Each structure stands twice: as C-alpha cells, then as structure tokens.
Amino acid sequence: MVTIGLISEGMTDHIVIKNVISGYLDDADVYVTELQPRIDPNDATIALDAGNWDQVFKYCKNSDFEDGLKSNPSLHIVIHLDSDVFRTKEVPEKYRFEFNRKDGTVLTTKEIVSEIISLLITEIGQKIYDKYADRILFAIAVDATECWLLPFYETGKARSKEVNCLKTLNRKISAKFPFTIDKKKPKYYFKVAKPLLKHKNFIKLYQHNPSLHLFCEQLNELPDNDEE
C-alpha cells in the first residue's frame, strides 16, 4: 500500500485533494492521511493545527518532512498551495513572483505552477528534494482548489475558470444545496466534493481544469498505478 501524506493550506483543501486522489485512482491501494494541518481523529471537521499557506512552507522546512520520508519507504508526500495568495502582499518578498512577463503577456498555468514548485523546493532544500523527488508531489491549484471543483458543476468555458471560482461555484451550489461555501466550513465541503469520487465521471471531466490536470498527471507516477 502507498501512503500519501498531505500537506495543505487547510481542512477544506484537504477534503478536495483527498477526493481528487480517490476519484482519479479509483480502487488503487492508496491511503491518504494528513500531515499539515492534522485533523481530529474523532471529528473530521476539526483541525488540530493552524492552517494557511505559511504553515505549508514551515512544514517543508521542518525536520519532520525528511524524517517522515526516511522512516516510511511507502510514504509519498503531496504538497498543496493555492496560487491566489502569491498575487497579494500577504506573502513575504522572497516568495513573490510576477504573473506577467516583461512584454505584458501572462504566465501560463504550467508556468505559474512551476514558479510555486520552485519556491517549495527551495524551502525543502535542494539536496533533500533530489533525494526524495520521486516521492514528492505538488498539488498547486490555480487560482484555488475551488477551481478544481468547477468541472463537476459547470459546463462550457466555466469548467476551466481559474479566477473568481468561488463566486461561480457558489451560484451552482446554492441552486443545489441549502448553503454556500464562502465560510469554508468542512461539513459543506464534504458534500460539495462528493462528485469527485465517481471515477468514470472524474476521468471524463478533470482535464477541463489545467492545474488539476497537472496534479493528476503526477499521480500516474505512484507505484503500481497504470497511466490512464
């Protein structure tokens, strides 16, 4: 069995990414657990640690990161970050990068993902990363994991949106459920992310979102997982 340790910004991201993994791999022998933030084993809606983008960077620098890989040969780590925070002044200067090139053109989704992966590798340390590169995966959502849900609720071009996804998604959610997910309540995300668990439907729709597609391609590299 392959164990995936998930380092994410928060609980709602953990819910979405875990369902992405399950929906894509279907019946593969994979177990997903959380490394950051940890979740209360008695209540899946309660986090035991603080969450946010900065906690992801802190965990990558922590000795627990390498220790986990060293002590458990079956462990693969998935590191999640949303790209939207890098458009703000919330992040320190050392983590910032330009989303526009000097000629005014915008970075592609793949280029944005690569920029953020480079930042994470720097925090991990190049030597440690090189040693365990085949066991480290990156779930970089452009602009946010809510965008990864859109292909399963929207049609047409809206399936591939990478900005203002929460607003677009909430319009669909409010028409189907008696709630929206503005306040990021885990109990609602469990319901909203449920369609991702249907393998045939997932395989049909996931490629509509570019950054979701990039993440799923990495899942093909897990041991004993045949490429779709």
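Scroll up for the structure.
Computed from a prediction, not measured in an experiment: that's the story for all the values here. (Residues numbered from 1 in each chain as written. Predicted model: local features only at pLDDT ≥ 70, side-chain atom pairs only at ≥ 80, totals over all residues. Heavy atoms only, no water.)

On to the overall build of the protein. Within the protein, the regular secondary structure consists of 10 helices and 4 strands. From first element to last, N terminus to C terminus, the protein shows the α and β order β-α-β-α-α-β-α-α-β-α-α-α-α-α. Its C-alpha atoms give the protein a radius of gyration of 17 Å, near enough to 17 Å, the size a compact globule of 228 residues would have. With respect to the three principal axes, the spread of C-alpha positions in the protein is 50 × 45 × 35 Å. Within the protein, the proportion of its 228 residues that are buried is 51%. (Helix = DSSP H or I, 4+ residues; strand = E, 2+ residues; numbered from the N terminus. Rg over C-alpha atoms; globule rule 2.2 N^0.38 Å. Buried < 20%, exposed > 50% of the residue type's maximum accessible area, 1.4 Å probe, protein only.)

Let us look at the sheet that holds strand β2 (residues 30-36). If you trace the 4 strands from one edge of the open sheet to the other, you get β2-β1-β3-β4, paired in parallel fashion. What marks the edges here is a single partner per strand, and that holds for β2 and β4 (136-141). Between one strand axis and the next, the sheet turns by 25° as a mean value, whatever way the strands run. Alignment of strand β1 (residues 2-7) against strand β3 (residues 75-82), held across 5 bridges, turns out to be parallel. By the bridge assignment, Leu 6 is partnered in β3 with Val 78. Helix α2 (residues 53-61) contacts β1, β2 and β3 of the sheet and is inclined by roughly 145° relative to β3. Its contacts with the sheet put helix α10 (residues 210-219) on β3 and β4, and the angle it makes with β4 is roughly 165°. (Pairing = 2+ DSSP bridges. Axes fitted to C-alpha atoms, helices over the stretch in contact; angles between N-to-C directions. Contact = heavy atoms within 4.5 Å.)

The next thing to look at is α10. Within α10 the residues assigned to the buried category are Ser 211, Leu 212, Phe 215, Cys 216 and Leu 219. End-on, the buried residues of α10 take up no more than an arc of 135°, which puts them together on one face. Of the surrounding elements, those touching the buried residues of α10 are α1 (11-25), β3, α4 (109-124), β4, α6 (145-149) and α9 (199-205). (Arc of directions from axis to C-beta.)

Enumeration over the complete set of coordinates arrives at 6 salt bridges. Close ionic contact of Asp 49 with Arg 38 constitutes a salt bridge, the shortest N to O distance being 2.9 Å. Highlighted residues: Asp 49 in the loop between β2 and α2 and Arg 38 in the loop between β2 and α2, separated in sequence by 11 residues. Residue Asp 49 is classed as partly exposed on the basis of its relative accessible area, which comes to 23%. For Arg 38, a relative accessible area of 41% puts it in the partly exposed group. (Salt bridge = Lys/Arg side-chain N within 4 Å of Asp/Glu carboxyl O.)

Moving on, we come to a positive patch on the surface. On the surface, a cluster of positive charge is contributed by Lys 183, Lys 185, Lys 187 and Lys 191. As for its position among the elements, Lys 185 is in the loop between α7 (165-176) and α8 (186-192). Looking at Lys 185, the relative accessible area reads 38%, which means it is partly exposed. (Patch = residues over 30% accessible without salt bridge, like charges linked within 9 Å, V, L, I, M, F, W, Y side chains within 5 Å. Areas by Shrake-Rupley, 256 points an atom, 1.4 Å probe, with all protein chains shown as cover. Lys, Arg positive; Asp, Glu negative; His and termini not counted. Charge placed at Lys NZ, Arg CZ, Asp CG, Glu CD.)

Enumeration over the complete set of coordinates arrives at 1 disulfide. Residue Cys 147 pairs covalently with Cys 165 via a disulfide, S to S 2.0 Å. Looking along the S-S bond of the Cys 147-Cys 165 disulfide, the torsion reads about 95°, which is the right-handed sense. Pair noted here: Cys 147 is in helix α6 and Cys 165 is in helix α7, with a separation of 18 residues, a long-range link. Across the pair, Cys 165 and Cys 147 agree in class, each one buried. Free cysteine Cys 216: the closest other cysteine sulfur is in Cys 147, separated by 15 Å. Residue Cys 216 is classed as buried on the basis of its relative accessible area, which comes to 0%. (Disulfide = S-S within 2.5 Å.)

Everything listed here is a matter of coordinates, which is why it stays silent on function.
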